[in-house]
Amino acid sequence: MDRSLDRRTLLATGGAMAAGLSGALGPGQAVAATGETAAGAVEFGPVTVRPDDPRYDSLLRGNNFRFVGHPDEIRVVSSTEQVVRAVADAVRSGRRIAARSGGHCYENFTADPAVKMLLDLSPMDAVGWDPRRRAFAVQPGATLGHVYRTLFKGWGVTIPAGGCPEVGAGGHFAGGGYGPLSRRYGSVVDHLYGVEVVVVDEDGTARAVVATREEDDPHRDLWWAHTGGGGGNFGVVTRYWLRSPGVTGDDPSRLLPPSPRQMLLGGAVWPWQDLTPQTFTRLVRNFGTWHEHNSAPGSPNAPLYGLLFLPHRSAGQVTMVVQIDAGVPNADGMLTDFVAAVTAGTGTKPAVVRTTLPWVHELTWPGNGEPGNVYTRRYKMKAAYLRRSFTERHIGAIHRHLTNDTGNPDSGVLLVGYGGQVRAVPPGATATAQRDSVLKAVYHTVWENASEDATRLAWIRDLYRDVYAATGGVPVPDEVSDGSYINYPDTDLADPAWNTSGVPWHTLYYKDNYPRLQQVKARWDPRDVFRHALAVEQPSRR
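Residues numbered from 1 in each chain as written. Predicted model: local features only at pLDDT ≥ 70, side-chain atom pairs only at ≥ 80, totals over all residues. Heavy atoms only, no water.

*Asks:* For this particular structure, what's the right way to read empty space enclosed by the protein?
*Replies:* The rolling of a water-molecule-sized probe over the atoms marks out the regions of remaining empty space. The computed volume of the largest cavity comes to approximately 140 Å³. Lining the largest cavity are 17 residues, with Gly62, Phe67, Arg100, Thr110 and Ala111 sitting closest to its centre. Of the residues belonging to the lining of the largest cavity, the class tally is seven nonpolar, seven polar and three charged. Here the second largest cavity is characterised by a volume of approximately 60 Å³. Lining the second largest cavity are 13 residues, and of these Gly175, Gly228, Tyr385, Gln434 and Ile486 lie nearest its centre. In terms of residue class, the lining of the second largest cavity is made up of seven nonpolar, six polar and no charged. (1 Å grid on protein atoms, 1.4 Å probe; cavity = no way out; pocket = protein on both sides within 12 Å on 5 of 7 lines; lining within 4 Å. Points joined across faces, edges and corners; volume = space filled by probe spheres on them. Nonpolar A, V, L, I, M, F, W, Y, C, P; charged D, E, K, R; others polar.)

*Asks:* Sorry if this is basic, but what is going on with the environment of Phe280 here?
*Replies:* Mapped onto the secondary structure, Phe280 falls in helix H8 (residues 277-293). Residue classification places Phe280 among the buried residues on the basis of a relative accessible area of 0%. Along the sequence, Phe280 and Thr346 sit 66 residues apart, while their C-alpha atoms lie 8.0 Å from each other. Beyond its immediate chain neighbours, meaning those up to four positions away, Phe280 contacts Trp272, Leu275, Leu310, Ile395, Ile398, His399 and Leu402. (Helix = DSSP H or I, 4+ residues; strand = E, 2+ residues; numbered from the N terminus. Buried < 20%, exposed > 50% of the residue type's maximum accessible area, 1.4 Å probe, protein only. Contact = heavy atoms within 4.5 Å.)

*Asks:* Help me understand the side chain of Asn487 in this model?
*Replies:* Mapped onto the elements of the fold, Asn487 is located in the loop between helix H12 (453-467) and helix H13 (505-510). For Asn487, a relative accessible area of 18% translates into the label buried. Among the polar contacts made by the side chain of Asn487, one reaches the main-chain carbonyl oxygen of His172 at a distance of 3.1 Å. A polar contact of 3.0 Å, which involves the side chain of Asn487, links it to the side chain of Tyr485. When sequence neighbours within four positions are dropped, the list of residues in contact with Asn487 reads Tyr106, Gly171, His172, Gly175, Gly176 and Gly177. (Polar contact = N/O pair within 3.5 Å; in protein donor to acceptor, adjacent residues only side chain to side chain.)

*Asks:* Looking at this structure, how should I read the packing of aromatic side chains?
*Replies:* Here a ring pair, both rings aromatic, is described through the centre-centre distance and the interplanar angle of the planes. A full pass over the atoms with the stated rule returns 21 aromatic pairs. With 5.6 Å between their ring centres and 90° between their planes, Tyr106 and Tyr379 make a pair best called edge-to-face. Taken together, the residues span a long stretch of sequence, with Tyr106 in the loop between strand S3 (96-100) and strand S4 (115-120) and Tyr379 in strand S14 (residues 378-386) at a distance of 273 residues. Residue classification places Tyr379 among the buried residues on the basis of a relative accessible area of 0%. With centroids separated by 6.0 Å and ring planes inclined at 15°, the aromatic side chains of Tyr510 and Tyr514 adopt a geometry described as stacked. Both residues of the pair, Tyr510 and Tyr514, belong to the buried class. One aromatic cluster is present, built from ring pairs that chain together Tyr106, Tyr178, Tyr379, Tyr385, Tyr418, Tyr485 and Tyr488. (Phe/Tyr/Trp six-rings, centres within 6.5 Å; stacked < 30°, edge-to-face > 60°.)

*Asks:* Even after reading the chapter, I still don't get helix H4 (residues 144-155), so can you show me in this structure?
*Replies:* Along an α-helix, residues three or four positions apart point the same way, because every turn accommodates 3.6 residues. The terminal C-alpha atoms of H4, which comprises twelve residues, lie 16 Å apart, in line with the 16 Å expected from a rise of 1.5 Å per residue. Three or more residues of H4 are buried, namely Leu144, Gly145, His146, Val147, Tyr148, Thr150, Leu151 and Trp155. Of the residues trailing H4, Gly156 is marked for its positive phi of about 70°. (Expected span 1.5 Å × (residues − 1).)

*Asks:* Can you help me understand helix H9 (residues 331-343) in this one?
*Replies:* The first and last C-alpha atoms of H9 sit 19 Å apart over 13 residues, in line with the 18 Å expected at 1.5 Å per residue. Listed as buried for H9 are Ala331, Gly333, Met334, Leu335, Phe338, Val339, Val342 and Thr343. At its buried positions, H9 is contacted by strand S10 (262-271), H8, strand S11 (305-311), strand S12 (317-325) and strand S13 (351-358).

*Asks:* Help me understand the pairing of S12 in this model?
*Replies:* Each regular strand carries side chains that alternate between the two faces of the sheet. The buried count for S12 comes to nine of nine residues, which makes it a mostly enclosed element. Residues Gln317, Thr319, Val321, Gln323 and Asp325 point to one face of S12 and Val318, Met320, Val322 and Ile324 to the other, with burial holding for every one of them. Relative to S12, S10 runs antiparallel, the two being bridged by nine bridges. Looking at S12, one finds that Met263 is bridged to Asp325. Across five bridges, the pairing between S11 and S12 is antiparallel. Following the sheet pairing, Gly306 is matched in S12 by Val322. Between the antiparallel neighbours S11 and S12 lie five residues, among them Gly316 with a positive phi of about 100°. (Pairing = 2+ DSSP bridges.)

*Asks:* Quick question: what am I supposed to make of the sheet that holds strand S15 (residues 411-417) here?
*Replies:* Two strands in a sheet stick together by hydrogen bonds in their backbones, pointing the same way (parallel) or opposite ways (antiparallel). Taken in spatial order, the seven strands make up an open sheet running S13-S10-S12-S11-S15-S16-S14, and their pairing is antiparallel. Looking at the sheet topology across the chains shown, the edges are occupied by S13 and S14. The mean angle between the axes of side-by-side strands here comes to 15°, regardless of whether they run parallel or antiparallel. Sheet topology note: the S14/strand S16 (residues 439-447) ladder contains nine bridges and is antiparallel. (Axes fitted to C-alpha atoms, helices over the stretch in contact; angles between N-to-C directions.)

*Asks:* Can you walk me through the packing of H8 against H9 in this structure?
*Replies:* Running from amino to carboxyl end, H8 crosses H9 at an angle of 130°, the nearest separation of the two axes being 7 Å. One finds that H8 runs oblique with respect to H9. On H9, the residues that touch Leu283, Asn286, Phe287, Trp290 and His291 of H8 are Phe338, Ala341, Val342 and Thr343. (Parallel < 35°, antiparallel > 145°, perpendicular 65-115°, else oblique.)

So, in structure tokens, the structure goes:
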């Protein structure tokens, strides 16, 4: 087995692991707060694409090729007004509607056969400074890479969002997105100042509403619901505004976290053939224990972001990638100490490499994090929050499935560093409830052909159920687990065949915040226009 880990592999692996999870305006231009286009911009659309249109097949499919819907029409929109008209048309004609920005949903929320009008928001991709709201405006079709590049080039600032540059802001933000800078700066929703949402009133009227985090805003509950309540629940988001809490002044370059100049990346590789069950257990426990001890708000090690990729044995090796702002004092020493802590007591000497890359290069590298390839991309993901390290029983279950004969090289478990500044926010302050977790776990499998669906789904479902066997096959909140992450939706959690815990899916995702989300749903979507397989339900429908 080749023990080497070159810089190209480090970059590709780091991007993929970070994401396995995510027409710009210039610095002097403002994005209009009410949805109109900027001065001089040429607005196209709306464009209606029906099944007989040659564009239909190309616009139909999202990122997960397992799901392909067949709507009556795909409405390509480029402004808030066009969204309002499209939603009004769907309500008036009694057609189910769904909105898609980046298309990276893990389930078939927008490809559901019941969806008859699919809104394609990808042309709404403006990013810029809005002086009227003293905040940065981001439209939902903007990809994270576009957001990072524009904020960096214009103002030298950034947001703690995901590591996959092709993920759309639309769903990522609303679900409480996170990424390489979250341990240092919190979730992206901790910097969310406001949202513009197209909602539908009781009488069927579609309209755009702006809601902010200001305490006296009568629409504040709608803002709150978009700080981790997930997309597709309350309306169609047409704009986000971002400004860090507590900042003052009118200088845009001081109202979001500063962009790092460079990122220091480190990688370590362990050949599977060198890992005994005991070594594997120690390695995983060390990774978790380090995060237990170094994930308090303000921790000196909060800038360090680690990912431990545990693929099926057939992949050949276990990999750990570490990222940290190279400008942090003693960044290199912190990385060295982290690798030493994870390897302590394992008796192993992994191949280690490190490199330094410019911030934007590292975060916007094309293709980072895309599962599979452009021709074959069928996958299933499951997730969980961890308050502390996995127990030996959990790790034993993981090891059994990673060394069985039914997994493939593109299957495994990813442990992602979390906590830090995320834990500084009370669980009820935003809709993101899991504020004391220190890790996220992502269970995944990727395959090529529809003929493999049953085998691959069985593998990942059996793995997940085995890991959480003591709590009904799901990560019920307890001293170790803390439910799951709505941006990695998994409809199995709502299926009694796979969730035998007696704990409903919405508790796993939202915990005590769910009743409040239901009240927001009742106020802003009384007709239940916006729904999917894991949608927030009206209070009367519990």
